[in-house]
Amino acid sequence: AARPSDLAEELRLVRSSLSRRLDRLEEEGWVQRTRPTDLDDQRAVVVELTRRGRTLWREMNVTYRRAVQANVAGALSDRDVADLRRVLALVTPEE
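Notes on the structure in this doc start here. (Residues numbered from 1 in each chain as written. Predicted model: local features only at pLDDT ≥ 70, side-chain atom pairs only at ≥ 80, totals over all residues. Heavy atoms only, no water.)

**Regarding the packing of helix 1 (residues 4–11) against helix 2 (residues 15–27)**
Phase 1: At a minimum axis distance of 9 Å, the contact between helix 1 and helix 2 shows a crossing angle of 110°. In terms of orientation, helix 1 and helix 2 fall into the roughly perpendicular class. Residue-level inspection shows Pro 4, Ser 5, Leu 7, Ala 8 and Leu 11 of helix 1 in contact with helix 2, the latter providing Arg 15, Leu 18 and Leu 22.
Phase 2: Residues that form the contact of helix 1 with helix 2 fall into these classes: six nonpolar, one polar and one charged. (Axes fitted to C-alpha atoms, helices over the stretch in contact; angles between N-to-C directions. Helix = DSSP H or I, 4+ residues; strand = E, 2+ residues; numbered from the N terminus. Parallel < 35°, antiparallel > 145°, perpendicular 65-115°, else oblique. Contact = heavy atoms within 4.5 Å. Nonpolar A, V, L, I, M, F, W, Y, C, P; charged D, E, K, R; others polar.)

Set out below in structure tokens:
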């Protein structure tokens, strides 16, 4: 589970844009928003994948990994991979 503000930051989306996307995902049954009772702020909301959402995520993750392996990794040499990592490190914000 994650707070919408954390998701927006991680995905680099404006909160209102994420909110509309979460509305659609919730309508489709992929995510659910809940108000945890253990948080001090009763207005706080967290978002989590539903069982249906987790199943879809697993299926998509397998498909994505296979596609990357077939279309990208297989076409790159070890040196290419090292160069790509180096360049990505230059443009990826530190956490």
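Additional details are given in the paragraphs that follow.
**Points about the pattern of salt bridges**
Phase 1: This structure, assessed with the given rule, holds four salt bridges.
Phase 2: Note that Arg 33 is salt-bridged to Asp 23, the shortest N-O span being 2.8 Å. Remark: Asp 23 occurs in helix 2 and Arg 33 occurs in strand 1 (residues 31–34); sequence separation between them is 10 residues.
Phase 3: Using a relative accessible area of 26% as the deciding quantity, one classes Arg 33 as partly exposed.
Phase 4: In this structure, the salt-bridge partner of Arg 79 is Asp 83, at a minimum N-O distance of 3.9 Å. (Salt bridge = Lys/Arg side-chain N within 4 Å of Asp/Glu carboxyl O. Buried < 20%, exposed > 50% of the residue type's maximum accessible area, 1.4 Å probe, protein only.)

**Considering the packing of aromatic side chains**
We describe a pair of aromatic rings using the distance from one ring centre to the other and the angle between the two ring planes.
Phase 1: In the structure shown here, the tally under the stated rule is zero aromatic pairs.
Phase 2: The residue whose ring lies beneath Arg 52 is Trp 30, and the NZ or CZ to ring-centre distance is 3.9 Å. (Phe/Tyr/Trp six-rings, centres within 6.5 Å; stacked < 30°, edge-to-face > 60°. Lys NZ or Arg CZ within 6 Å of the ring centre and 35° of its normal.)

**Describing the environment of Glu 28**
Phase 1: Residue placement: Glu 28 occurs in the loop between helix 2 and strand 1.
Phase 2: Spatially, the C-alpha atom of Glu 28 lies 9.4 Å from that of Gly 53, the residues being 25 residues apart in sequence.

**Regarding the side chain of Thr 50**
Phase 1: Mapped onto the fold, Thr 50 is located in the loop between strand 2 (46–49) and helix 3 (51–71).
Phase 2: Judged by relative accessible area, Thr 50 falls into the buried class, the value being 16%.
Phase 3: Within the structure, the side chain of Thr 50 is placed 2.6 Å from the backbone oxygen of Gly 29, a separation counted as a polar contact.
Phase 4: Those residues in contact with Thr 50 that lie beyond four places of it in its chain are Gly 29, Trp 30, Val 31 and Gln 32. (Polar contact = N/O pair within 3.5 Å; in protein donor to acceptor, adjacent residues only side chain to side chain.)

**Some details on the environment of Arg 33**
Phase 1: Spatially, the C-alpha atom of Arg 33 lies 9.2 Å from that of Arg 3, the residues being 30 residues apart in sequence.
Phase 2: With near-sequence residues (within four places) excluded, Arg 33 lies in contact with Ser 19, Leu 22, Asp 23, Glu 26, Val 45, Val 46 and Val 47.
Phase 3: One polar contact links the side chain of Arg 33 to the main-chain carbonyl oxygen of Ser 19, over a distance of 3.1 Å.

Honestly, that's just the spatial picture; any functional story needs more than this.
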